[in-house]
Amino acid sequence: MKLDVIKLDGGAAGEVELTDAIFDLEPRADILHRVVRWQRNKAQAGTHKVKTRSEVSYSTKKIYRQKGTGGARHGSRKAPIFRKGGIYKGPTPRSHAHDLPKKVRALGLKLALSAKAKTGSLVIIENAETDGKTKTLAAQVKNLGWKRALVIDGAAVNEGFARAAANIEGLDVLPSVGANVYDILKRDTLVLTKAGVEALEARLK
């Protein structure tokens, strides 16, 4: 499939041929769901923790005698049955990450790119270079109508562009190696540079 290439000022800059096997796949919500779930679970901190009966602070003295009270037998006040006692089978620090085959991850990225192309939310620009001024880039982004956009560049992001974009709400920049399903789907517009297209096609071929 072919798409027009534009400059940041909105001018035309020719067109680019996109690989159908990457940018023109039929949508698969199940694959996208699996990849996003894998990403979010891997990112989860997993630092949840409760204190068990061996960790709460309380005396180890038997709280009352074994017999003759008319109540149930008890030893430790730290038992889970008591208020401020230890928690039984509560959460402990752990990783929430799970495995996902590389082929499924690669397919998810292809499907995310295809989804943006099918809905007309994919924009190809000649390059992502600017003078480093936020004011200049903000005006260009406003003229292009990008409200929530992700810009994916080639192997490295232009330093001036990254600096200018850092203070613009709704505009994020990633190198091609950082392209991922969650960030692509989260934004309304996906913007690829020509170098970004080449890098992604080389990565996913």
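Residues numbered from 1 in each chain as written. Predicted model: local features only at pLDDT ≥ 70, side-chain atom pairs only at ≥ 80, totals over all residues. Heavy atoms only, no water.

In the nomenclature of an unreviewed UniProt entry, the chain corresponds to Large ribosomal subunit protein uL4 from the organism Alloyangia mangrovi. Regarding the chain, the UniProt comment filed under Sequence similarities (unreviewed entry) reads as follows: "Belongs to the universal ribosomal protein uL4 family." Among the UniProt annotations of the chain, the heading Subunit (unreviewed entry) holds the following wording: "Part of the 50S ribosomal subunit." (UniProt positions renumbered as here; feature names shortened; annotations may be inferred.)

What exactly am I supposed to notice about the overall build of the chain here?
Counting secondary structure elements, the chain contains seven helices and six strands. Reading the chain from its N terminus to its C terminus gives the helix and strand order β-β-α-α-α-β-α-β-α-β-α-β-α. For the chain, whose C-alpha radius of gyration is 27 Å, the value lies well above the compact-globule estimate of 17 Å for 205 residues. In terms of overall dimensions, the chain has a C-alpha envelope of 95 × 40 × 25 Å along the principal axes. Buried positions account for 36% of the 205 residues belonging to the chain. Pairs at least 24 residues apart make up 71% of the contacts formed inside the chain by residues separated by at least 6 positions. (Helix = DSSP H or I, 4+ residues; strand = E, 2+ residues; numbered from the N terminus. Rg over C-alpha atoms; globule rule 2.2 N^0.38 Å. Buried < 20%, exposed > 50% of the residue type's maximum accessible area, 1.4 Å probe, protein only. Contact = heavy atoms within 4.5 Å.)

Help me understand the sheet that holds strand β4 (residues 149-152), please; the structure alone is not making it clear to me.
Hydrogen bonds along the backbone pair up the strands of a sheet, which may run parallel or antiparallel. Taken in spatial order, the six strands line up as β2-β1-β3-β6-β4-β5 in an open sheet, and their pairing is mixed. Pairing within the sheet leaves two strands with one partner each, and these edge strands are β2 (12-17) and β5 (171-174). Strand-to-strand twist of the sheet, defined as the mean angle between neighbouring strand axes without regard to direction, takes the value 30°. Sheet topology note: the β4/strand β6 (residues 189-193) ladder contains four bridges and is parallel. Note on β6: the bridge partner recorded for Ala 149 is Thr 189. Relative to the sheet, helix α7 (residues 194-204) contacts β1 (2-6), β2, β3 (122-125), β4 and β6, its axis offset from that of β6 by approximately 90°. (Pairing = 2+ DSSP bridges. Axes fitted to C-alpha atoms, helices over the stretch in contact; angles between N-to-C directions.)

What am I meant to see in the side chain of His 96 here?
Following the sequence through the fold, His 96 ends up in the loop between α2 (29-43) and α3 (102-118). A distance of 3.3 Å separates a polar atom in the side chain of His 96 from a polar atom in the side chain of Arg 94. His 96 has contacts with Asn 41, Gln 44, Gly 46 and His 48, leaving out every residue within four places of it along the chain. (Polar contact = N/O pair within 3.5 Å; in protein donor to acceptor, adjacent residues only side chain to side chain.)

Just to check I follow, could you spell out the nonpolar core for this structure?
The tendency in soluble globular proteins is for nonpolar side chains to be buried side by side. Leu 113, Leu 122, Ile 152, Ile 184, Leu 190 and Leu 192 are the most contacted members of the largest nonpolar core, which has 30 residues in total. Per element, the largest residue contribution to this core is six residues, and it comes from α3. If sequence neighbours within four positions are ignored, Leu 122 has contacts with Leu 3, Leu 18, Phe 23, Lys 116, Ala 117, Leu 190 and Leu 192. (Core = buried A, V, L, I, M, F, W, Y, C linked by side-chain atoms within 4.5 Å.)

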